[in-house]
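This is what each chain is made of:
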Amino acid sequence: GAGVSQSPSNKVTEKGKDVELRCDPISGHTALYWYRQSLGQGLEFLIYFQGNSAPDKSGLPSDRFSAERTGGSVSTLTIQRTQQEDSAVYLCASSLGLAGGGSTDTQYFGPGTRLTVL
Amino acid sequence: AQTVTQSQPEMSVQEAETVTLSCTYDTSESDYYLFWYKQPPSRQMILVIRQEAYKQQNATENRFSVNFQKAAKSFSLKISDSQLGDAAMYFCAYRWIGGGADGLTFGKGTHLIIQP
C-alpha cells in the first residue's frame, strides 16, 4: 500500500479481555516499530522488529504485552487481560531498516489504533 | 538513558509570522539523529525535518529549519511564514543506532496554535 495501515482504528474493550492490534507496514520496509501514546506518559517506544526478529523488547510494559511479525510484513500487538491503564493510542511505524543501507532512514507512521478499556 | 525535553507545552503565533519551538536532549552518545514530527488531529505522525548529529550544517525544508547546537544539546525548530495548516502537535525525537535499540525517544510535545 501507499502508507502504513493499522486496524482497527478504534477498539473498545472490557477490562480483562484480550485485544489484538494489527499493523501493515509499507511494502519493502524491513523495520517495524510499535509505540504507545497516552496522556500521562506521552509517546513511548514499545518494540522494534528487523524482519521477523525483535532484537529489543525492553519497551514492553509488562508480560501481558506481546508482539509478533510474520513473513517480514504484518505485525500484531497483543495485550492480554487488558487493564484501564492500557487505554492509549497505539502507533505503528515502518522504515527501510537494514535494507535501506543507512541509518538515517525515516520512520513512517500509521494513523494509530485508539484503545479504550472500560 | 536518553531524554528529550520540550519546555513549551503550547505556543501561539499569528498567521504569516515566525515561531520557534524548543527542544533539548540528554545523551552520552556522539552519533545520533534528531527529528521533528508533526501530529495533526488525524493522529498521523508526519516527519517535518531531520538532522544527523555529525553534520554541522543546520537542516532546512522549505519553511522549516532547525538550529542544532550539539554542545548545548539543543535542537529548535523554526517555522517561517506560519500557515493555518501548520497547527498541530510537534514532537522532537532522538534516535541512536546501536545494540539493536532503534526506537525513537520523544519529547512531550508542543501544541502549536496558528491565529488567523
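Asks: For the state of the cysteines, give the residues involved together with the corresponding values.
Replies: Taken as a whole and judged by the stated rule, the model has two disulfides over all chains. Two residues share a disulfide in this structure: A:Cys23 and A:Cys92, whose sulfurs sit 1.8 Å from each other. Residues A:Cys23 and A:Cys92 are joined through a disulfide that is left-handed, its torsion about the S-S bond being -65°. Taken together, the positions of A:Cys23 in strand S3 (residues 19-24) and A:Cys92 in strand S9 (residues 88-95) put the pair 69 residues apart, joining distant regions of the chain. For A:Cys23, a relative accessible area of 0% corresponds to the buried category. Accessibility expressed as a relative area gives 0% for A:Cys92, which makes it buried. Here B:Cys23 engages in a disulfide with B:Cys92; their sulfurs sit 2.0 Å apart. On the sign convention where negative is left-handed, the bridge of B:Cys23 and B:Cys92, at about -70° about the S-S bond, is left-handed. Of this pair, B:Cys23 sits in the loop between strand S3 (19-21) and strand S4 (24-26) while B:Cys92 sits in strand S10 (residues 88-95), placing them 69 residues apart in sequence.

Asks: Got a sec to walk through the environment of A:Asp86? Specific residues and values, please.
Replies: All names here are of chain A. Locating Asp 86 in the fold gives a position in the loop between strand S8 (75-79) and S9. By relative accessible area, Asp 86 is classed as buried at 1%. For Asp 86, the residues in contact, after removing those within four places along its chain, are Arg 36, Arg 64, Phe 65, Ile 79, Leu 115 and Val 117.

Asks: Outline the packing of aromatic side chains, supporting the account with residue identities and numerical values.
Replies: Residues and elements named next belong to chain A. The final tally for this structure, using the stated rule, is 15 aromatic pairs over all chains. Look at Tyr 35 and Phe 109: their rings are 5.5 Å apart centre to centre, the planes differ by 40°, and that puts the pair in the tilted class. One end of the pair, Tyr 35, is in strand S4 (residues 31-38); the other, Phe 109, is in strand S10 (residues 108-109), with 74 residues separating them in the sequence. By relative accessible area, which is 0% here, Tyr 35 ends up buried. For Phe 109, a relative accessible area of 3% corresponds to the buried category.

Asks: Quick rundown of the nonpolar core? Include the residues and the values.
Replies: The tendency in soluble globular proteins is for nonpolar side chains to be buried side by side. Counting residues in hydrophobic clusters, the biggest one holds 25 residues, and the most contacted among them are B:Tyr25, B:Trp36, B:Phe75, B:Leu77, B:Tyr90 and B:Leu112. Those elements giving two or more residues to this core turn out to be S3, strand S5 (33-39), strand S6 (46-52), strand S8 (64-69), strand S9 (74-79), S10 and strand S12 (110-115) of chain B. Element by element, the count of residues in this core is highest for S10(B), at four residues. Formed by 19 residues, the second largest nonpolar core is a distinct cluster that contains A:Leu32, A:Leu60, A:Phe65 and A:Ile79.

Asks: Could you give an account of the interface of chain A and chain B, naming the residues involved and the relevant values?
Replies: Taken together, the contact between chain A and chain B spans 26 residues of the former and 20 residues of the latter. Both faces combined, the contact of chain A with chain B buries some 1,900 Å², and carbon together with sulfur accounts for 47% of it. The tally of links between chain A and chain B comes to zero salt bridges. On the surface where chain A and chain B come into contact, there are eight residue pairs in polar contact (both at pLDDT 80 or more). Breaking the side of chain A that touches chain B down by element, the ones donating at least two residues are S4, strand S5 (42-50), strand S6 (53-56), S9 and strand S11 (113-117) of chain A. Looking at the side of chain A that touches chain B element by element, the count peaks at four residues for S5(A). The residue inventory of the side of chain A that touches chain B, partitioned by class, reads 10 nonpolar, 13 polar and three charged.

Reading the values: rules and limits
Residues numbered from 1 in each chain as written. Chains lettered and ligands numbered in written order. Predicted model: local features only at pLDDT ≥ 70, side-chain atom pairs only at ≥ 80, totals over all residues. Heavy atoms only, no water. Disulfide = S-S within 2.5 Å. Helix = DSSP H or I, 4+ residues; strand = E, 2+ residues; numbered from the N terminus. Buried < 20%, exposed > 50% of the residue type's maximum accessible area, 1.4 Å probe, protein only. Contact = heavy atoms within 4.5 Å. Phe/Tyr/Trp six-rings, centres within 6.5 Å; stacked < 30°, edge-to-face > 60°. Core = buried A, V, L, I, M, F, W, Y, C linked by side-chain atoms within 4.5 Å. Buried area = accessible area lost by both parts, 1.4 Å probe. Salt bridge = Lys/Arg side-chain N within 4 Å of Asp/Glu carboxyl O. Polar contact = N/O pair within 3.5 Å; in protein donor to acceptor, adjacent residues only side chain to side chain. Nonpolar A, V, L, I, M, F, W, Y, C, P; charged D, E, K, R; others polar.

These results come straight from atomic positions and should not be treated as a statement about function.
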